[in-house]
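Single-letter residue listing:
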Amino acid sequence: MNQEEFFKKITAHAKEYGFVFPSSDIYDGLSAVYDYGQNGVELKNNIRQYWWKAMVQMHENIVGVDAAIFMHPTVWKASGHVDAFNDPMIDNKDSKKRYRADVLVEDHIAKIEDKINKEVEKAKKRFGDAFDKEQFVSTNARVLGYKQEIEDISHRLYAAMENNDLAGIKQLIEDLGIVCPISGSRNWTDVRQFNLMFATQMGSLAEGANEIYLRPETAQGIFVNYLNIQKTGRMKVPFGIAQTGKAFRNEIVARQFIFRMREFEQMEMQFFVRPGTELEWFKHWKEERLRWHLSLGIPAEKYRYHDHEKLAHYANAATDIEFEFPFGFKELEGIHSRTDFDLSSHSKFSGKKLQYFDPETNESYVPYVIETSIGLDRMFLAMLSHAYTEEKLEDGSERVVMKFPAALAPYKVAILPLVKKDGLPEKAREIMEQLTPDFMCQYEEKDSIGKRYRRQDAIGTPLCVTIDNQTLEDNTVTVRDRDTMEQIRVNADELYTIIRNKIAPKKI
Ligand code: ATP
């Protein structure tokens, strides 16, 4: 199955099994806006909780905040979003399709990366066990040529982006001979800047309405609350403030399902540190955040760091944690060392001193900030694409199983009476009642047990518990594992511990 087909299957499965629906589906949807269905909302809540627990509950020096989506318009002046939250866009005159100019170039780079990968695969086959990848990519002439090509293109792109040189970006697209994927033509318009913020009016016009924005990131809600929280929480540097919530961006090209949405959710943490220590903390959070991903038990080769060459003017280090989505490695999370840019800028615009008095050094300073920022919906997509598995079984039949990390699965356990009579449903409900306060359980009594297993596989329930006649005699049940399909007979009283162990995160 090629990657495109695979991705189509995931999106179809997400709809068919109540994970993700297009927004306003009965009106044929709204571009790049999605709703989460009955299973999706559970998965999404679980991801959010897993993050919150790791970031807030497990760190004494990190607290949460829940700031409003609407903020004072000057916030976005101070943050730089009004003047600079732009993407360069370009239209193809033949297909009338609009693209992000930088993404066209990045896609071109990805194609060269593919060529490198193909060379590696070929060499691997040729050399067999003796193959040393590191050595090959650092010495093979063809690979080195591709690498140089990538470096030259990146350099030109980042320089043009940094200098707001829109003509330079267009020239690059022309020089590389990039064609529109739809029309195949090189008939491009000029590159223009496009601000990504959604604006709306607050108050009626008669009152003299003010233009305000839907927040394009949750981070600013943290910065404007820095002083409130530091003072009322008696927080000592280093400390962090975490927030999850909706953000809105009028993305030029919104595609790839929930990867790039116009309304999405972020999980962000801003960590305030003493100036001069920020790069140590940056390294710390870079490692810590990857550990969080790996604690879900997803193979390490699905992740990679992408250190930024082009830094925003206020940042002194930045990296992305990329995940291998069905359409290639793409940003899942960003970790940025933002210096004192945000707090200093808000100090200037608000006239309030946003400082910290350090009792250890007896001095006041504006703390530096390390930010970790992950898209909840992107994490959701990462989990969907990691989990989706088609398997051929020994009896020749096939199953689709969502191998979600058990901690994130929408339902932890399905309770299945073997038949709908003989007191089995009553016994099953009695067992379920003991588990529902702690775990999401689903009760199912319709259809054959095989069919019920398939349905639970399709929504990723890690454990199925079957209640049969023997249960009435000795209180034992059959527990079936989603991934191995192995079954064990245990006493119903052990279920709590079995489920707990199943969903415990991996220690990294
Ligand atoms: P990209 O380069 O993909 O546009 P970004 O660098 O603008 O992303 P950040 O501003 O660093 O992204 O936002 C932090 C995180 O928020 C990203 O790593 C991503 O997971 C998520 N995110 C950003 N934009 C979107 C979007 N339009 N839809 C879904 N998630 C998003």
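Residues numbered from 1 in each chain as written. Predicted model: local features only at pLDDT ≥ 70, side-chain atom pairs only at ≥ 80, totals over all residues. Heavy atoms only, no water.

1. Thoughts on the nonpolar core
Working step 1: In this structure, Ile47, Tyr303, Phe380, Met383 and Phe404 are the most contacted members of the largest nonpolar core, which totals 57 residues.
Working step 2: Among the elements that make up this core, the one with the highest residue count is helix α13 (residues 376-387) (eight residues).
Working step 3: When we break this core down by domain, the ones giving at least three residues each are domain 1 (38-72 + 196-384) and domain 3 (397-503).
Working step 4: Here Tyr303 is in contact with Leu290, His293, Leu294, Ile298, Ile321, Glu322, Phe323, Phe329, Leu332 and Met383, once residues within four sequence places are set aside. (Core = buried A, V, L, I, M, F, W, Y, C linked by side-chain atoms within 4.5 Å. Buried < 20%, exposed > 50% of the residue type's maximum accessible area, 1.4 Å probe, protein only. Helix = DSSP H or I, 4+ residues; strand = E, 2+ residues; numbered from the N terminus. Domains from an automatic or database assignment. Contact = heavy atoms within 4.5 Å.)

2. Focus: the state of the cysteines
Working step 1: Counted by the stated rule, this structure contains zero disulfides.
Working step 2: This cysteine, Cys441, is not joined by any disulfide, and Cys464 carries the nearest cysteine sulfur, 12 Å off. (Disulfide = S-S within 2.5 Å.)

3. Notes on the sheet that holds strand β5 (residues 98-100)
Working step 1: As summarised here, the arrangement of the three strands in space is β5-β4-β6, forming an open sheet in which the pairing is antiparallel. The open sheet has two free edges, formed respectively by β5 and β6 (192-195), since each of these has just one partner strand. Across the sheet, the mean angle from the axis of one strand to that of its neighbour is 45°, orientation sign disregarded.
Working step 2: Pairing analysis gives four bridges linking strand β4 (residues 86-91) to β6, with the strands arranged antiparallel. Directly across from Pro88, in β6, lies its bridge partner Gln193.
Working step 3: Seen against the sheet, helix α5 (residues 101-127) touches β4 and β5 and runs at an angle of roughly 70° to β5. (Pairing = 2+ DSSP bridges. Axes fitted to C-alpha atoms, helices over the stretch in contact; angles between N-to-C directions.)

4. A few points about the site of the ligand
Working step 1: Taken together, 16 residues sit near the ligand, with Glu251, Arg260, Met261, Glu331 and Leu332 positioned nearest.
Working step 2: Within the backbone of Leu332, a nitrogen or oxygen atom sits 2.9 Å from an oxygen atom of the ligand.
Working step 3: Arg378 has a polar side-chain atom sitting 3.0 Å from an oxygen atom of the ligand.
Working step 4: Relative to its unbound accessible surface of 600 Å², the ligand loses 84% to contact with the protein.
Working step 5: For the shell around the ligand, the elements supplying multiple residues, two or more each, are β10 (263-273), β13 (328-339) and β16 (368-375).
Working step 6: At five residues, β13 tops the list of elements feeding residues into the shell around the ligand.
Working step 7: The class makeup of the residues in the shell around the ligand is four nonpolar, five polar and seven charged. (Near = heavy atom within 4 Å. Polar contact = N/O pair within 3.5 Å; in protein donor to acceptor, adjacent residues only side chain to side chain. Areas by Shrake-Rupley, 256 points an atom, 1.4 Å probe, with all protein chains shown as cover. Nonpolar A, V, L, I, M, F, W, Y, C, P; charged D, E, K, R; others polar.)

5. What to know about helix α12 (residues 341-350)
Working step 1: Among all positions of α12, only Phe341, Asp342, Leu343, Ser345, His346 and Ser347 are buried.
Working step 2: Where α12 is buried, its residues touch α3 (73-78), α9 (219-223), α10 (226-232), β10 and β13.
Working step 3: With its phi angle positive at about 75°, Gly351 sits one or two positions after the end of α12.

6. So, the pairing of β4
Consecutive side chains of a regular strand alternate in pointing toward one face of the sheet and then the other.
Working step 1: Burial within β4 is extensive, with five of its six residues counted as buried.
Working step 2: Where β4 meets β5, three bridges bridge the pair, whose relative direction is antiparallel. If you follow Ile90 over to β5, its bridge partner there is Tyr99.
Working step 3: Hairpin connection from β4 to β5: six residues lie between these consecutive antiparallel strands, with Lys96 at a positive phi of about 60°.

7. Focus on the domain arrangement of the protein
Working step 1: Per the domain assignment, the segments making up the protein are domain 1 (38-72 + 196-384), domain 2 (86-194) and domain 3 (397-503).
Working step 2: Taking both partners together, domain 1 and domain 2 bury about 1,100 Å²; carbon and sulfur atoms supply 57% of that area.
Working step 3: Counting every contact that joins domain 1 to domain 2 gives zero salt bridges.
Working step 4: Linking domain 1 to domain 2 there are zero residue pairs in polar contact (both at pLDDT 80 or more).
Working step 5: Residue composition of the side of domain 1 that touches domain 2, grouped by class: four nonpolar, one polar and seven charged. (Buried area = accessible area lost by both parts, 1.4 Å probe. Salt bridge = Lys/Arg side-chain N within 4 Å of Asp/Glu carboxyl O.)

8. A word on the packing of α5 against helix α7 (residues 141-162)
Working step 1: Two elements in contact, α5 and α7, have axes whose closest approach is 10 Å; the angle formed by their N-to-C orientations is 165°. Relative to α7, the element α5 lies roughly antiparallel. Relative to α7, the crossing made by α5 is left-handed. Residues Asp102, Val105, Glu106, His108, Ile109, Ile112, Glu113, Lys115, Ile116, Glu119 and Lys122 of α5 form the contact with α7, whose participating residues are Arg142, Val143, Tyr146, Lys147, Glu149, Ile150, Ile153, Ser154, Leu157, Tyr158 and Met161.
Working step 2: When grouped by side-chain class, the residues that make up the contact of α5 with α7 number 11 nonpolar, two polar and nine charged. (Parallel < 35°, antiparallel > 145°, perpendicular 65-115°, else oblique. Left-handed = near helix turned anticlockwise from the far one by under 90°.)

9. Some points on the packing of helix α1 (residues 3-16) against α13
Packed helix pairs are specified by the crossing angle of their axes together with the interaxial distance, meaning the distance between the axes.
Working step 1: Where α1 meets α13, the closest approach of the two axes is 10 Å, and the angle between their N-to-C directions is 110°. It follows from the interaxial angle that α1 and α13 lie roughly perpendicular. Between α1, through Phe6, Phe7, Ile10 and Ala14, and α13, the contact on the second element is made entirely by Leu381, Leu384 and Ser385.
Working step 2: Considered class by class, the residues forming the contact of α1 with α13 number six nonpolar, one polar and no charged.

10. Let's talk about the sheet that holds strand β19 (residues 413-417)
The strands that make up a sheet pair up through hydrogen bonds in the backbone, lying either parallel or antiparallel.
Working step 1: Here we have five strands laid out as an open sheet, ordered β20-β19-β21-β22-β23, and mixed in their pairing. Each edge of the open sheet carries a strand with a single partner, namely β20 (441-443) and β23 (487-491). Taking the axes of each pair of neighbouring strands and ignoring which way they run, one obtains an average angle of 25° across the sheet.
Working step 2: Against the sheet, helix α14 (residues 424-435) engages β19, β20, β21 (463-467) and β22 (476-481), with an angle of about 165° to β20.
Working step 3: Here helix α17 (residues 495-503) sits on the sheet and contacts β19, β21, β22 and β23; the angle it forms with β21, its principal contact strand, is near 165°.

11. Digging into the packing of aromatic side chains
To describe a pair of aromatic rings, you give the distance between the ring centres and the angle between the ring planes.
Working step 1: According to the stated counting rule, one finds 25 aromatic pairs in the structure shown.
Working step 2: Where Trp51 meets Trp52, the ring centres are 6.2 Å apart and the plane angle is 50°; that geometry is what we call tilted.
Working step 3: Accessibility expressed as a relative area gives 31% for Trp52, which makes it partly exposed.
Working step 4: With a centroid separation of 6.3 Å and 5° between ring planes, the pair formed by Phe127 and Phe131 is classed as stacked.
Working step 5: On the basis of relative accessibility, which here comes to 43%, the residue Phe127 falls in the partly exposed class.
Working step 6: Owing to a relative accessible area of 16%, Phe131 belongs among the buried residues under this scheme. (Phe/Tyr/Trp six-rings, centres within 6.5 Å; stacked < 30°, edge-to-face > 60°.)

12. Thoughts on unusual backbone geometry
Working step 1: Put simply, Val237 and Pro238 share a cis peptide bond, and its omega is 5°.
Working step 2: In this fold, Pro238 is placed in the loop between α10 and β9 (239-248).
Working step 3: In this structure, Phe257 is a non-glycine residue whose phi angle is positive, near 60°.
Working step 4: As for its placement among the helices and strands, Phe257 is situated in the loop between β9 and β10.
Working step 5: Under the relative-accessibility criterion, Phe257 is labelled buried at 11%.

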